[in-house]
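Here is how the chains run, residue by residue.
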Amino acid sequence: MADVEGFCLKKVLVVFESCLTEKQEVLMDPYIEGWKGLVRFLNSLGTIFSFVSKDAVTKIQIMENFRSGGQQEKYLTVQSMVTYELASGLVDLKNRSEHPNSGCRTILRLHRALHWLQLFLEALRTSQEDSKTSVLCTDSYNASLANYHPWIIRKAATLAFCALPTRNTFLENMNLGSPEEAVDMLGEALPHICKVYEITEALYAKHKLLDLP
Ligand code: 1PZ
């Protein structure tokens, strides 16, 4: 579907499918690509979400810099990044000090946001036609990402959610055809995002990285 007249979320969601290697590792380039697409979709919802997309863009850029820098092959997968950064002492484990923007802590922020996305899209998919997008979005945010955000950000986020369009308009904004067709696509695409999320979560848990400052 043409990007000029809108934005096809399906293309973005299928990118997450290509993140997984045979060895169940998460490839960095499609992960970054997927995030860029999500940011474009977010921007299509209006400037009220600029403060969100700005932060996501900053984090995407940090990861792109690693992927084009001198140690780029170390950042081929999330797994190789964790191994490399930990072995080289490149991760601040207690306080943000010498390595404030490690790949590990940056991916952790995106990873937590991916959990919110998963909950939100699943709620949207299974909701009734007259459900309020803002309520679905707030509930999934409170169940996930909000736990890591200070009060002021929670406040700003919850206020911005009120500007979300109705469920059917939102589904139509995905440019996948009718709301019913969009719901079907979500059913196909979401398991791939879940898988990427679960693998990253298990990796971070194994290395005790889930609370990186
Ligand atoms: C459909 C509506 C979309 C609403 C987006 C829901 C997410 C609200 C998140 C609010 C984030 C506010 C801005 C900055 C937050 C940062 O402080 C944190 C922690 O990073 P640190 O300060 O430690 O460096 N950043 C994040 O939690 C990452 C947030 C990324 C959000 C990406 C949303 C993508 C939306 C896709 C929409 C389809």
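Residues numbered from 1 in each chain as written. Predicted model: local features only at pLDDT ≥ 70, side-chain atom pairs only at ≥ 80, totals over all residues. Heavy atoms only, no water.

Draft legend 1. A look at the UniProt feature "domain: Glycolipid transfer protein" (unreviewed entry) in the protein. Per the UniProt entry, the sites bearing "domain: Glycolipid transfer protein" (unreviewed entry) are residues 27-175 in this numbering. Annotated as residues 27-175, this span is 66% helix and 0% strand, and its ends, taken at the C-alpha atoms, are 27 Å apart. (UniProt positions renumbered as here; feature names shortened; annotations may be inferred. Helix = DSSP H or I, 4+ residues; strand = E, 2+ residues; numbered from the N terminus.)

Draft legend 2. Representation of a negative patch on the surface in the model. There is a patch of like negative charges on the surface, built from Glu 129, Asp 130, Glu 172, Glu 180, Glu 181, Asp 184 and Glu 188. Per element, the largest residue contribution to the negative patch is 4 residues, and it comes from helix α9 (residues 179-206). Relative to the elements of secondary structure, Asp 130 occurs in the loop between α5 (103-126) and α6 (133-142). (Patch = residues over 30% accessible without salt bridge, like charges linked within 9 Å, V, L, I, M, F, W, Y side chains within 5 Å. Areas by Shrake-Rupley, 256 points an atom, 1.4 Å probe, with all protein chains shown as cover. Salt bridge = Lys/Arg side-chain N within 4 Å of Asp/Glu carboxyl O. Lys, Arg positive; Asp, Glu negative; His and termini not counted. Charge placed at Lys NZ, Arg CZ, Asp CG, Glu CD.)

Draft legend 3. Highlighting the environment of Leu 76. Mapped onto the secondary structure, Leu 76 falls in the loop between α3 (50-68) and α4 (78-87). Taking relative accessible area as the criterion, Leu 76 reaches 42% and is therefore assigned partly exposed. Leu 76 sits 48 residues away from Met 28 along the chain, and the two C-alpha atoms are 5.6 Å apart. With residues near it in sequence (within four places) discarded, Leu 76 still touches Val 26, Leu 27, Met 28 and Arg 67. (Buried < 20%, exposed > 50% of the residue type's maximum accessible area, 1.4 Å probe, protein only. Contact = heavy atoms within 4.5 Å.)

Draft legend 4. Layout of helix α1 (residues 9-17). Buried within α1 are the following residues: Leu 9, Val 12, Leu 13 and Phe 16. In an axial view of α1, the angular spread of the buried residues amounts to 90 degrees, which keeps them on one side of the axis. (Arc of directions from axis to C-beta.)

Draft legend 5. The site of the ligand, seen in detail. Close to the ligand lie 19 residues; Asp 55, Lys 59, Arg 105, Arg 109 and His 149 are nearest. A distance of 2.7 Å separates a nitrogen atom of the ligand from a polar side-chain atom of Asp 55. Arg 109 places a polar side-chain atom, nitrogen or oxygen, 3.1 Å from an oxygen atom of the ligand. Bound to the protein, the ligand loses 90% of the 850 Å² it would expose on its own. Those elements that place two or more of their residues in the shell around the ligand are α2 (28-44), α3, α5 and α7 (151-161). Residue contributions to the shell around the ligand peak at 5 residues, all from α5. In terms of residue class, the shell around the ligand is built from 14 nonpolar, 1 polar and 4 charged. (Near = heavy atom within 4 Å. Polar contact = N/O pair within 3.5 Å; in protein donor to acceptor, adjacent residues only side chain to side chain. Nonpolar A, V, L, I, M, F, W, Y, C, P; charged D, E, K, R; others polar.)

Draft legend 6. Representation of the side chain of Arg 167. Positionally, Arg 167 belongs in helix α8 (residues 167-173). Of the side chains with opposite charge, Glu 129 comes closest to the buried, unpaired Arg 167, at an N-O distance of 5.8 Å. A distance of 2.6 Å separates the side chain of Arg 167 from the side chain of Ser 127, its partner in a polar contact. Setting aside residues no more than four positions away along its own chain, Arg 167 makes contact with Leu 124, Arg 125, Ser 127, Gln 128, Glu 129, Ser 131, Thr 133 and Val 183.

Draft legend 7. Main features of α5. Counted at 1.5 Å a residue, the expected span for α5 with its 24 residues is 34 Å, and the 34 Å between its end C-alpha atoms agrees. Within α5, 18 of the 24 residues are buried, which leaves the element mostly enclosed by the surrounding structure. (Expected span 1.5 Å × (residues − 1).)

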